[in-house]
Every structure is written in C-alpha cells, then in structure tokens.
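Below are the chains, spelled out letter by letter.
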Amino acid sequence: MNKIWAVARHEFLTNLKRPSFIIATIAVPLVGALALGVGGLFGGQVEEYLEELFTGKGAVVAYVDHSGLFTPPLPAYADTYILYEDEAAAKAALLADEIGSYMVIPEEYLQSGKIMAYSKSSSFFSSAISTSKENVQGFFTDHLLAGQVDPTLQARVVDPVQLTPVALDEQGEPTTSGPMAFVSTFVVPYLLAILLMITIFTSSGFLLQGVGEEKENRVIEILLSSLSTTQLLAGKILGLGALGLTQVLVWLGAGMALLSGAVAIFALSGLLVISASTVILGLIYFLLGYLLFATMMASAGALGSTAREGQQISGIFSFLSAVPFMFGNFIMMQPNAALAKVLSFFPLTAPITMMMRLALTAIPPLEVAISLVLLILGILGILWAGGKLFRLGLLMYGKRPSVAEMWRALRQA
Amino acid sequence: MNVLAIETHDLTKQFNGLTAVDHLDLAVRQGEIFGFLGPNGAGKTTTIRMLMDIIRPDSGRIHIFGQPLAPQTLDRIGYLPEERGLYRKIKTVDCLAYLAVLKGMPRRIARERALALLERVDLADSADKKVETMSRGMQQKAQFVATLVHDPELLILDEPFHGLDPLNTELLKEMVLELHEQGKTIIFSTHQMNQVEALCDRILLIDHGRAVLYGPLQEIKERYAPHAVQFRGEAIPADLPGAQRLEQQEEGIVAYLADGVTPPAFLRQLVESGAAITHYEVVTPPLEDIFIEVVERERQR
C-alpha cells in the first residue's frame, strides 16, 4: 500500500510540473473567459443574430396577394410583412437581394389553403425557415379571423398553448423551477459525461507517455524489481487520476466563476438544481469509469513497442468510451428504453450511459445495483488481465507481443 | 549465518520453445562476492530477472535469505540492471530517493542517504540538477548509487563498470570492497574477467542456460592449471629431468612438469641442482582462457 502511495505521489507531482499540463489547465478557463468577454461586448447582437438564424424571427417576409384577404396587412404585421403588387415586382426584389423570399397567395386560397413560397437557391435554408408553416401561421390566422370573432378567442386560436413543463418527483412535488432548471437536466448529464472523457484523455495521455518513457529509459527494470506490476499500475492510475481530477476541479471552479459572471452579464435567471443522490451516484460512476478506462489504456500503452503505437492501440478504447454519445439523443429521449438499459449494464458503456440517465430519470435501485456490480466485476477483470498484459508488454523492447504470447500471459498464474 | 543468500533449485525458463535457463542449481553464500559469468545470450539476464521476480520461472524454486521469493525480500536487494536508465526529467536526488522509497525506505532517510552517497561518488553538485544534465559516466555512477540508497543486504550488479574510465572504475571497485567488508553479499555479473579475478570468491559460469563451471575461483584455477611452474633465477641447469618441456617467456621460464612430479618436488630438484631461484610459482591460467576453453568444449559436445 505504501508503495502504491509512493508511485501515486511521484506520478502526481512530476506530471503536475509538466508544461503541457499547466498550459492546458490554464488555457481552457482563459478561452472561456475570453469568450465570455467577447459575448459581453457583443452579447445583444450575437443573441439576436443566432435567434434570427435559427428561428427566422425578425426576418422580413414578402408576399403577393391574389385573394385580397391579406390586403392591406394588419397593423401588427406591417413591419415584418411587405405586400408586393405582383409577382414580377416580388421576383425582381428577390433577385436584387432586397428580400430573402416571397409567398404567393392564390385567388382560391380560401378553398385550397395552398401557398407557394419562393427563395433563391443560394439562401434556401434560412429562407425556408422564415417562411416555414410555424412562422407564418399566425399571420394567416390573424387575417382570416380579424373582425370575425372575439379578439380574446382570436388570440387563443393564434397561440393556443402556453406550455410550462413541470417535472414531479416521487412525492408529486415539482422538482424544477424555471427554464434554467429544465436546461440543467440536459446540460448536467452531458457535462458530467464530457468531464469523464476529458479526465480519461488527459490522464491516460500522461499514463501512456510515462510508461513509454520508463520503457525507453529502462527504469522499468528497476521498478519491477521493487514492486509488483499491480502496485505500479494502481499507483499510476491513482496518481494520474488525482491529477485529472485536479484539472477538472480547476476547470469546474473556473466554470462556476464564469457562470456567475455570465448570469450577471446576460441577466440569466434561475439556478441549476441537481439532487444530491444524482451527484453522489454521478461521482461513483465517474470514478469507476475512470478506473476502468485508465486500466485498459495503461495495459494497451504497455503493449505498444513505442509511445506512438501505444497511443494507436489505446485509441480503440477511447472510441469505446464515446459509444454512449452516439446514442446520446436516443438515451435522452427514452432513458428507460431497453437499449439504454443494456448500455448501462455493459461495463464499458455503463459509466457514461448511467451519467446521462441519472439526471433524466429515476432509475430503479435494482438496475443501479446490477450495473454497479457488473461494472466492479468488469474493473476487477480488467485489472487482473491488464496487470498481466502490462507486465508482459513492459519487458518487451522493440517488439509487440503476439496474440499467443498475450494468451499465455493471461493463463499464467 | 549459515543461511544462503540465494539458492535456486532446478530453475528453468523457456521462451517460445527456446530454453533460456536449463535446470539451474545455484547457491550464493552470505557475505561473499560471487561472479556470475557467461557469454552473451547464456541466460544471465533471464536468471537475474527471475531472482528479482521480474519474470516467473516455468519450474524450479528460488529461495532468498532462506525464504521463498516474496515482495519483502525484494526490498533487501539492490539491483543494477545491465540496461541502464534513470528518470531523465527530474532532479537526481529526487530520482534516487524515489527509487529507494519504492524499496520501502522512508522518504526523509532516503533523501539523506542519496545525498551522502552522491557525495561519496563526487556527484554532490549534480544532486539538485536534472538527471539528463549529467554526462554518461556521471549517470552511470548515479545509477550505481541508486542500487545502494535503500541499504540492501544483497547486491546484484550487472556489468557495473561497463563504460567507466579507470579512475571511476577504481572508485566503484573500492565501494564494492567496502560493502563486502560490511558483510553484504554481492553478485557480480560481467564479461570483464580481470575484474572477476580481482574481486570474486566463487564463480558460476553458464552457457545455454546450464551451469558449466561452478565453485571457488582458486579451486577452479587450480583444476584448469596446466601442471606447470614458472620461475626465475641464476645458474639454472639446461637439463631438468622433472620437466617434460621448458619454455622461455618474458616473466621467466615455464616448465611443464612430468606426470608424478609435484611443484614442491620440482623446486627441491632445482635447488639441489645448484640454481639460485628468485621467483617460483605454480602456473594458473587466466580466467579468460578457462572461460573460452570451457565454453568451446561445451559447444562442441
């Protein structure tokens, strides 16, 4: 145990002093702060632009009216809807880039409801949004009903649903309040999952590099004559895990500071509300997940004859860790579907899948228990096999062990 | 003190069907300097790695200080591998202290001892510098120190003087002898036969993983002695019946004795014949000659 601690301490301290580590740790919050600063300066404009780009709001819609139902436009729409005399005029304006698109309302509109919308092929996407059904529906409804029905009813027909989503906990109490809390249910699981990925990549990068160096400068021979491969592996994983966690904590701290800055600058309201059990379980999965991947990475790293080859082998495992992200949408939409359950039982995908699901849904305790047991069994298995392959790989200079050699190493007591 | 420092029995290790170590029996007594010799690829490094629990034998057993190989016993051994290397990017003293801590020594004591030993090998100035700033010879000395910091009872030194200048070789040899006086057991693996002759009590010569020569150095040399004496003096008669053949060499005359004639009897004969002998010794072949002879004979078999 003392030796594991000694290795962990050594790995932590020497890698803490690496320039690449210091730069990466400082650079990320700096970039964040810079982005925030730029956002603060141009905040309003950027927001407007994005809204315009993705919702089509604020864009001017041109139209030609053959039915007479929309001439002249109601005062409420006078700013955003421009009436053209005929199609030729509208087309000329479109080609001259004065407008992005125009609609043609035919004579028999009331019977058919058919509308043609024209835009230039070069700007088809944004124009298609500005003349999408959702965006122009209100304009049509308002004009059709103006003066025909009670204004209150007309307002409801135009905008029938004002939806506020409320999630209830087991006791039937609302758990979320305000739009920020709703966002947090999507942001938090992704954030946790991404943090796990970052920790895995930075720490395992150092692990690979360290093992490669020890192989290259032959210190490995002295190390292996002093302690077991399991101790060495465990010490490295602990030390570099602590290092990765330190980096994540620095980033989180900076992120919190930036977030409060953002709240002040953009006047965002609401708080991120996460339950304690989610945080604790999230942390458990975070640690177990790191343990699992770091062990695999280290063994893979030791098997490569050079640091580069080690990195290539470990790339396979980086890829595996990203699999739940591919099903990310699916897991978020249906966090209790069979696929999500399978992914949370399979040790390689469990940590990240569970982190996503945890924040979205109440997972039955039995499922959590099964997933944790399988994950721990998986870690023990990988530690056992990894330790052996690690040992085999470490003593091979200049060549990679064959599959047969790996198999023999695994069978050896 | 009768416990053997190292004892192996029937030690065997194969790599891909090739036998690297073949039923090796070996006993190293406590407090001796033991020469572990063999041509390249004879199985020396494999044997040492098995002793250090870096690789596991296929069969056979290893006892160190009378105990089966265990992590605690490894802490009592200092190992200088033939493939040298230290952490390059950290301070020399930190590197040495870390390696000693891994052998179970408390950190503070490890640092103190590392500093003292660095001073002993004239590297005090490099203690706070990065390992990579030292020259090759200096790193070599630092590496030697690294095997001593945790105060081991048994030292396994693989080619300790390789690549060192005569001055530094002498310094390290002196330290080895000091350690010997302190009662440490030293296993000394090398190709440099003159070093073996100067330092070792007993030797083991292996080839193809098998022991081909094993025992006290003096005994071995006598066993391979050509039954000859070398002498210098005045008024030496031309005809000496006890000798089959005489050879004039730079250091004197070498006489190959006839069967049944012992060196003392031949000396008596010389003196009685009126020769004034100033120097007389039994010829023992250099270990290098024995090494070559034994290995070649084994290979012809």
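Every value quoted in this text rests on a predicted model; they were computed, and no experiment measured them. (Residues numbered from 1 in each chain as written. Chains lettered and ligands numbered in written order. Predicted model: local features only at pLDDT ≥ 70, side-chain atom pairs only at ≥ 80, totals over all residues. Heavy atoms only, no water.)

**Some thoughts on the overall build of chain B**
Reasoning step 1: Along its length, chain B carries 10 helices and 14 strands.
Reasoning step 2: Entry remark: accessible area of chain B is about 14,300 Å², with carbon and sulfur atoms responsible for 48%. (Helix = DSSP H or I, 4+ residues; strand = E, 2+ residues; numbered from the N terminus. Areas by Shrake-Rupley, 256 points an atom, 1.4 Å probe, with all protein chains shown as cover.)

**Some thoughts on the sheet that holds strand β11 (residues 228–234) of chain B**
Residue and element names in this part refer to chain B.
Reasoning step 1: The 4 strands are arranged β12-β13-β11-β14 in an open sheet whose pairing can be described as antiparallel. Only two strands of the sheet have a single neighbouring strand rather than two, namely β12 (243–249) and β14 (276–282). Averaged over all pairs of adjacent strands, the angle between their axes in this sheet comes to 25 degrees, without regard to strand direction.
Reasoning step 2: The sheet contact formed by β11 and β14 spans 6 bridges and is antiparallel. For Phe 231, the partnering residue across the bridge sits in β14 and is Tyr 280.
Reasoning step 3: Docked against the sheet, helix α9 (residues 263–272) engages β11, β12, β13 (252–257) and β14, running at close to 170 degrees with respect to β14. (Pairing = 2+ DSSP bridges. Axes fitted to C-alpha atoms, helices over the stretch in contact; angles between N-to-C directions. Contact = heavy atoms within 4.5 Å.)

**Brief notes about the pairing of strand β3 (residues 33–37) of chain B**
Residues and elements named next belong to chain B.
Reasoning step 1: Where burial is concerned, most of β3 is hidden: 5 out of the 5 residues are buried.
Reasoning step 2: What you see with β3 is no split at all: Ile 33, Gly 35 and Leu 37 on one side and Phe 34 and Phe 36 on the other are buried throughout.
Reasoning step 3: Here β3 runs beside strand β8 (residues 185–189); their pairing, made up of 4 bridges, is parallel. Its bridge partner lying in β8, Phe 34 is registered against Ile 187. (Buried < 20%, exposed > 50% of the residue type's maximum accessible area, 1.4 Å probe, protein only.)

**Describing the packing of aromatic side chains**
The way to describe two aromatic rings as a pair is by their centre distance and the angle between their planes.
All names here are of chain A.
Reasoning step 1: Counted under the stated rule, the structure contains 17 aromatic pairs over all chains.
Reasoning step 2: Centroid distance Tyr 63 to Phe 139: 5.2 Å. Interplanar angle 65 degrees. Geometry classified as edge-to-face. Of the two residues, Tyr 63 is situated in strand β1 (residues 61–65) and Phe 139 in helix α6 (residues 133–145); the sequence distance between them amounts to 76 residues.
Reasoning step 3: By relative accessible area, which is 0% here, Tyr 63 ends up buried.
Reasoning step 4: With a relative accessible area of 1%, Phe 139 lands in the buried category. (Phe/Tyr/Trp six-rings, centres within 6.5 Å; stacked < 30°, edge-to-face > 60°.)

**Brief notes about a positive patch on the surface**
Reasoning step 1: Together, Arg 9 and Lys 17 of chain A together with Lys 91 and Arg 107 of chain B make up a region of like positive charge exposed at the surface.
Reasoning step 2: The residue Lys 17 of chain A is located in the loop between α1 (2–16) and α2 (19–55) in this model.
Reasoning step 3: For Lys 17 of chain A, a relative accessible area of 62% translates into the label exposed. (Patch = residues over 30% accessible without salt bridge, like charges linked within 9 Å, V, L, I, M, F, W, Y side chains within 5 Å. Salt bridge = Lys/Arg side-chain N within 4 Å of Asp/Glu carboxyl O. Lys, Arg positive; Asp, Glu negative; His and termini not counted. Charge placed at Lys NZ, Arg CZ, Asp CG, Glu CD.)

**Observations concerning the interface of chain B and chain A**
Reasoning step 1: On the chain A side, the residues contacting the 27 residues of chain B number 24 residues.
Reasoning step 2: The contact between chain B and chain A buries some 2,400 Å² in all, and 54% of this surface belongs to carbon and sulfur atoms.
Reasoning step 3: In this assembly, chain B and chain A are joined by 2 salt bridges.
Reasoning step 4: Of the charged contacts, one joins Lys 3 of chain A and Asp 75 of chain B as a salt bridge, the two residues approaching to 2.6 Å between their closest N and O atoms. (Buried area = accessible area lost by both parts, 1.4 Å probe.)

**Here's the deal with the pattern of salt bridges**
Residue and element names in this part refer to chain B.
Reasoning step 1: If you walk through the whole model with that rule in mind, you get 21 salt bridges over all chains.
Reasoning step 2: Between Glu 32 and Arg 202 there is a salt bridge, and its shortest N-O distance comes to 2.9 Å. Taken as a pair, Glu 32 in the loop between β2 (18–29) and β3 and Arg 202 in strand β9 (residues 202–207) lie far apart in primary sequence, 170 residues in all. In this pair, the class of Glu 32 matches that of Arg 202, namely buried.
Reasoning step 3: The partner of Glu 153 in a salt bridge is Arg 76, and the shortest N-O contact between them spans 2.8 Å. Pair noted here: Glu 153 is in the loop between α5 (136–146) and β7 (154–158) and Arg 76 is in the loop between α2 (71–74) and β6 (77–80), with a separation of 77 residues, a long-range link.

**Overview of the sheet that holds β9 of chain B**
Residues and elements named next belong to chain B.
Reasoning step 1: If you trace the 6 strands from one edge of the open sheet to the other, you get β6-β7-β8-β3-β9-β10, paired in mixed fashion. The sheet is open, and its two edges are formed by β6 and β10 (210–216), each paired on a single side. Within this sheet the neighbouring strands show an average axis-to-axis angle of 15 degrees, counted without direction.
Reasoning step 2: Here β6 runs beside β7; their pairing, made up of 4 bridges, is parallel. Bridged to Ile 77 within β7 is Leu 154.

**Looking at the side chain of Glu 159 of chain B**
All names here are of chain B.
Reasoning step 1: Within the fold, Glu 159 resides in the loop between β7 and α6 (166–181).
Reasoning step 2: Buried and without a salt bridge, Glu 159 has Lys 44 as its closest oppositely charged side chain, separated by 5.9 Å.
Reasoning step 3: In this structure Glu 159 touches Glu 82, Arg 84, Ser 189, Thr 190, His 191 and Gln 192, once residues within four positions along its chain are discounted.

**Focus: helix α10 (residues 287–300) of chain B**
Residues and elements named next belong to chain B.
Reasoning step 1: Here α10 spans 20 Å end to end across 14 residues, near enough to the 20 Å set by a 1.5 Å rise per residue.
Reasoning step 2: Within α10, the full set of buried residues consists of Leu 287, Ile 290, Phe 291, Val 294, Val 295 and Glu 298. Down the axis of α10, the buried set is contained in an arc of 120 degrees. They therefore lie on one face. (Expected span 1.5 Å × (residues − 1). Arc of directions from axis to C-beta.)

**Details of the environment of Val 261 of chain B**
Residue and element names in this part refer to chain B.
Reasoning step 1: Considering the arrangement of structural elements, one finds Val 261 in the loop between β13 and α9.
Reasoning step 2: Between the C-alpha atoms of Val 261 and Pro 241, which are 20 residues apart in sequence, the distance is 9.8 Å.
Reasoning step 3: Discounting residues that sit within four places of it in the chain, Val 261 has contacts with His 227, Gly 242 and Phe 266.

**A look at unusual backbone geometry**
Residues other than glycine predominantly adopt negative phi, and peptide bonds predominantly adopt the trans conformation.
Reasoning step 1: In this structure, the amide linkage connecting Thr 71 of chain A to the following residue, Pro 72 of chain A, adopts the cis form with an omega of -10 degrees.
Reasoning step 2: Mapped onto the secondary structure, Pro 72 of chain A falls in the loop between β1 and β2 (81–84).
Reasoning step 3: Its identity is not glycine, yet His 208 of chain B carries a phi of approximately 50 degrees, on the positive side.
Reasoning step 4: Tracing the sequence through the fold places His 208 of chain B in the loop between β9 and β10.
Reasoning step 5: The class for His 208 of chain B is partly exposed, based on a relative accessible area of 45%.

**A look at the packing of helix α3 (residues 92–101) of chain B against α5 of chain B**
Residues and elements named next belong to chain B.
Reasoning step 1: Their axes nearest at 9 Å, the elements α3 and α5 cross at an angle of 30 degrees. Taken together, the axis directions place α3 and α5 in an arrangement best described as roughly parallel. When you trace α3 past α5, the crossing you get is right-handed. Contact with α3, carried on its side by Thr 92, Leu 96 and Leu 99, involves Ala 142, Val 145 and Ala 146 of α5 and no other residues of that element.
Reasoning step 2: Here the contact of α3 with α5 is composed, by residue class, of 5 nonpolar, 1 polar and no charged. (Parallel < 35°, antiparallel > 145°, perpendicular 65-115°, else oblique. Left-handed = near helix turned anticlockwise from the far one by under 90°. Nonpolar A, V, L, I, M, F, W, Y, C, P; charged D, E, K, R; others polar.)

**Regarding the environment of Phe 144 of chain B**
Residues and elements named next belong to chain B.
Reasoning step 1: Checked against the element boundaries, Phe 144 lands in helix α5.
Reasoning step 2: Accessibility expressed as a relative area gives 1% for Phe 144, which makes it buried.
Reasoning step 3: Residues Phe 144 and Tyr 79 lie 65 residues apart in sequence; the distance between their C-alpha atoms is 8.9 Å.
Reasoning step 4: Setting aside residues up to four positions removed in sequence, Phe 144 forms contacts with Leu 80, Leu 157, Leu 172, Met 175 and Val 176.

**Topic: a nonpolar patch on the surface**
Reasoning step 1: A cluster of nonpolar residues, Leu 366, Ile 370, Val 373, Leu 374, Ile 376, Leu 377 and Leu 380 of chain A, forms a patch on the protein surface that exposes about 640 Å² of accessible area.
Reasoning step 2: On the secondary structure map, Val 373 of chain A appears in helix α16 (residues 365–394).

Distances and angles like these do not, on their own, reveal function.
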